[in-house]
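Survey of secondary and tertiary structure
Here is what each chain is made of, one letter per residue.
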Amino acid sequence: MAVYTSNGKQLLDVEYDVLVEINDMLDGMRVISKDVRDDEYAVFMLQPNGNVCCYVFDEVFIIGRVSEFETLVEAAEAWKNNEI
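Here the structure is a predicted model, which means the values were calculated and not measured.

1. Thoughts on the packing of aromatic side chains
As enumerated under the stated definition, the model contains three aromatic pairs in all. An angle of 15° between the planes, with centres 5.2 Å apart, marks the rings of Tyr41 and Phe57 as stacked. Here Phe57 lies in strand 5 (residues 52–58) and Tyr41 lies in strand 4 (residues 40–46), a separation of 16 residues in the sequence. The burial state of Tyr41 is the same as that of Phe57; both residues are buried. Plain terms: the ring middles of Tyr55 and Phe57 are 6.3 Å apart, the flat faces sit at 55° to each other, and that makes the pair tilted. Judged by its relative accessible area of 7%, Tyr55 falls in the buried class. Positioned above the aromatic ring of Tyr41 is the side chain of Lys34, whose terminal nitrogen or guanidinium carbon lies 4.9 Å from the ring centre.

Here's what the structure looks like:
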């Protein structure tokens, strides 16, 4: 399990080939799922309030971020439907 922090735009203090994985911690939230599409990947994290948020990455750069999904299924469907 790795622990990462971001500045809202990119991961801090990491190499460009680093990928966030399931069970890693990112900005204080546990990564509970991950999916890849083309050159981007999405990580789904459990927020302290029980909701799910999603960060979309291109390498170490955060190119999208959506929070407050009620379930992981809802977040994953939004990702699959290109809504994130």
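2. Focus: the nonpolar core
Ranked by size, the top nonpolar core spans 15 residues in total, and within it Leu11, Val20, Leu26, Val43, Met45, Tyr55 and Phe57 carry the most contacts. Residue assignment for this core shows that the elements contributing at least two residues are strand 3 (29–37), strand 4 and strand 5. Ignoring sequence-local partners within four residues, the contact set of Met45 consists of Leu26, Met29, Arg30, Val31, Ile32, Asn51, Val52, Cys53 and Tyr55. Membership of the second largest hydrophobic core comes to nine residues, among which are Phe44, Val52, Val56 and Phe69.

3. Remarks on the environment of Lys9
By the element assignment, Lys9 lies in the loop between strand 1 (3–4) and strand 2 (25–26). Residue class for Lys9 comes out exposed when judged on its relative accessible area of 61%. Note: C-alpha distance between Lys9 and Gly64 (55 residues apart in sequence) is 9.0 Å.

4. Remarks on the sheet that holds strand 1
Across the sheet, which stays open at both edges, the six strands sit in the order 1-2-3-4-5-6 with mixed pairing between neighbours. Of all strands in the sheet, those bounded by a partner on one side alone are strand 1 and strand 6 (61–69).

5. Comments concerning the pairing of strand 6
Summarising the sheet, strand 5 and strand 6 pair through six bridges and their orientation is antiparallel. Paired with Tyr55 across the strands is Arg65, a residue of strand 6. Remark: two residues form the turn of the hairpin made by strand 5 and strand 6, two consecutive strands paired antiparallel; Glu59 in that turn has positive phi of roughly 60°.

Basis of the calculations
- Residues numbered from 1 in each chain as written.
- Predicted model: local features only at pLDDT ≥ 70, side-chain atom pairs only at ≥ 80, totals over all residues.
- Heavy atoms only, no water.
- Phe/Tyr/Trp six-rings, centres within 6.5 Å; stacked < 30°, edge-to-face > 60°.
- Helix = DSSP H or I, 4+ residues; strand = E, 2+ residues; numbered from the N terminus.
- Buried < 20%, exposed > 50% of the residue type's maximum accessible area, 1.4 Å probe, protein only.
- Lys NZ or Arg CZ within 6 Å of the ring centre and 35° of its normal.
- Core = buried A, V, L, I, M, F, W, Y, C linked by side-chain atoms within 4.5 Å.
- Contact = heavy atoms within 4.5 Å.
- Pairing = 2+ DSSP bridges.

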